[in-house]
Amino acid sequence: MSRRALATHLFTLLFLAAWSLAAWFSPAYQMPGPWAVLQGAWKFLATPNLLLQLGASLYHVAAAIVLSFVLGCALALIPYYFPVARIAVHRRFGAFLGSFPGVGWALLAGMWFGINSISVIFAISAVLLPFALVNLNSGLNNLDAELMEMGLSFTRSRARTLRRVILPLLYPYLFATLRLMFGVAWKVTLAAELFGGNSGLGYLINLARQDYDTVTIFVIIFFIIVFVYCAERFFFKPIQARFDAYAKI
């Protein structure tokens, strides 16, 4: 076992020990221990209705990522093909979206669309849209000029150039955008479901908060951490490694 792995496992054990010690000296409704959270996680997985709420959150995250990604691509391409719109898109609309608080979108969505999944997806998408816009704009600004010139020498069709030249050059930026949006989406989803949702993990947290059910809150946070870690470790990192290997060729 390497020193790095040993240090990682030692840190994990110290964290669990500190957590157990804090739970020992705290009321159960304030700080449940690791064993209570594990029991709650097992109960969660054995309850179909709770799994449906987990599925609802997955649906909210996936729908919001797709929607904001498509809109972000469209907004980034508008000033690329029509430079006159650059200031309006990036310095006005993009700055407005980037500075607007996520909780504000959640509250407004609840008033505009009611307490439902549409409100949640809208709020998450509004928060993710600036990330897509900024990252894709950066990719468009760093396109290889020689490859672009070579592509234009074969065709003058903008659609064909976009499909055959620009999109392949943007693959690393597109992937980095999706990777970033996935992590941010889970941070926003709980707040959006808490304020404007009638389903999902944030909705469960709201119910648990009213009942002082701290175990359920810890279980939900635990599942989100595990899910995001596994997605990063077993999906995003291998793909990123392939992009890095391809860039060295």
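Residues numbered from 1 in each chain as written. Predicted model: local features only at pLDDT ≥ 70, side-chain atom pairs only at ≥ 80, totals over all residues. Heavy atoms only, no water.

Caption draft 1: Looking closely at the overall build of the protein. The helix and strand tally for the protein stands at ten helices and zero strands. The principal-axis extents of the C-alpha atoms in the protein amount to approximately 70 × 55 × 30 Å. Taken over 249 residues, the protein has a buried fraction of 35%. In the protein, the proportion of contacts linking residues at least 24 apart, taken out of those at least 6 apart, comes to 71%. Counting only carbon and sulfur atoms, one obtains 70% of the accessible surface of the protein, whose full area is about 15,400 Å². (Helix = DSSP H or I, 4+ residues; strand = E, 2+ residues; numbered from the N terminus. Buried < 20%, exposed > 50% of the residue type's maximum accessible area, 1.4 Å probe, protein only. Contact = heavy atoms within 4.5 Å. Areas by Shrake-Rupley, 256 points an atom, 1.4 Å probe, with all protein chains shown as cover.)

Caption draft 2: Region of interest: the nonpolar core. With 52 residues, the main nonpolar core has Phe44, Ile65, Ile124, Leu128, Ile166, Leu201 and Ile220 as its most contacted residues. For this core, the elements supplying multiple residues, two or more each, are helix H2 (34-45), helix H3 (48-81), helix H4 (86-99), helix H5 (102-113), helix H6 (117-141), helix H8 (158-196), helix H9 (201-210) and helix H10 (214-248). The contacts of Ile220, once residues within four sequence positions are left out, are Phe44, Leu190, Leu201, Leu204 and Ile205. (Core = buried A, V, L, I, M, F, W, Y, C linked by side-chain atoms within 4.5 Å.)

Caption draft 3: Representation of the UniProt feature "transmembrane region" (unreviewed entry) in the protein. In the numbering adopted here, UniProt assigns the feature "transmembrane region" (unreviewed entry) to residues 58-82, 94-115, 121-140, 165-186 and 215-236. A distance of 27 Å separates the end C-alpha atoms of residues 94-115, which is 82% helix and 0% strand. End C-alpha to end C-alpha, residues 215-236 measures 30 Å, and it is 100% helix and 0% strand. (UniProt positions renumbered as here; feature names shortened; annotations may be inferred.)

Caption draft 4: Broad picture of H8. The terminal C-alpha atoms of H8, which comprises 39 residues, lie only 41 Å apart, well short of the 57 Å expected from a rise of 1.5 Å per residue. At Tyr171, H8 shows its maximal kink, close to 50 degrees; a proline, Pro172, follows between one and four residues later. (Expected span 1.5 Å × (residues − 1). Bend = angle between axes of the 7 residues up to and from the residue.)

Caption draft 5: A look at the pattern of salt bridges. Tallied over the full model, the rule gives one salt bridge. Note that Glu232 and Arg179 form a salt bridge whose closest N and O atoms lie 2.2 Å from each other. Of this pair, Glu232 sits in helix H10 while Arg179 is found in helix H8, placing the two residues 53 residues apart along the sequence. (Salt bridge = Lys/Arg side-chain N within 4 Å of Asp/Glu carboxyl O.)

Caption draft 6: Structural view of the environment of Asn116. Among the secondary structure elements, Asn116 is positioned in the loop between H5 and H6. A sequence separation of 77 residues divides Asn116 from Glu193, and the C-alpha atoms of the two residues are 8.6 Å apart.

Caption draft 7: Geometry of the packing of H8 against H9. It is at 7 Å that the axes of H8 and H9 come closest, and there the two elements cross at 55 degrees. The angle between H8 and H9 falls in the class oblique. For the crossing formed where H8 meets H9, the hand is right-handed. On H9, the residues touching Trp186, Leu190, Glu193 and Leu194 of H8 are Leu201, Gly202, Tyr203, Ile205 and Asn206. Residues of the contact of H8 with H9, tallied by class, amount to six nonpolar, two polar and one charged. (Axes fitted to C-alpha atoms, helices over the stretch in contact; angles between N-to-C directions. Parallel < 35°, antiparallel > 145°, perpendicular 65-115°, else oblique. Left-handed = near helix turned anticlockwise from the far one by under 90°. Nonpolar A, V, L, I, M, F, W, Y, C, P; charged D, E, K, R; others polar.)

Caption draft 8: Summary view of the packing of aromatic side chains. A full pass over the atoms with the stated rule returns 17 aromatic pairs. Both rings, one in Tyr80 and one in Tyr81, keep their centres 5.1 Å apart while their planes meet at 85 degrees; by these two values the pair is edge-to-face. Aromatic ring contacts, followed pair by pair, group Phe96, Phe100, Trp105, Trp112, Phe113 and Phe122 into a single cluster. (Phe/Tyr/Trp six-rings, centres within 6.5 Å; stacked < 30°, edge-to-face > 60°.)

Caption draft 9: Spotlight on the environment of Phe234. Its place among the elements puts Phe234 in helix H10. For Phe234, a relative accessible area of 59% corresponds to the exposed category.

Caption draft 10: Highlighting the packing of H5 against H8. Remark: H5 packs on H8, axes separated minimally by 9 Å, with the N-to-C direction vectors making an angle of 30 degrees. On the basis of their axis angle, the class for H5 and H8 is roughly parallel. In the crossing of H5 with H8, the sense of the turn from one axis to the other is right-handed. Across the interface between the two elements, Val103, Ala106 and Leu107 from H5 touch Ala191, Ala192 and Phe195 from H8. Per-class residue counts for the contact of H5 with H8 are six nonpolar, no polar and no charged.

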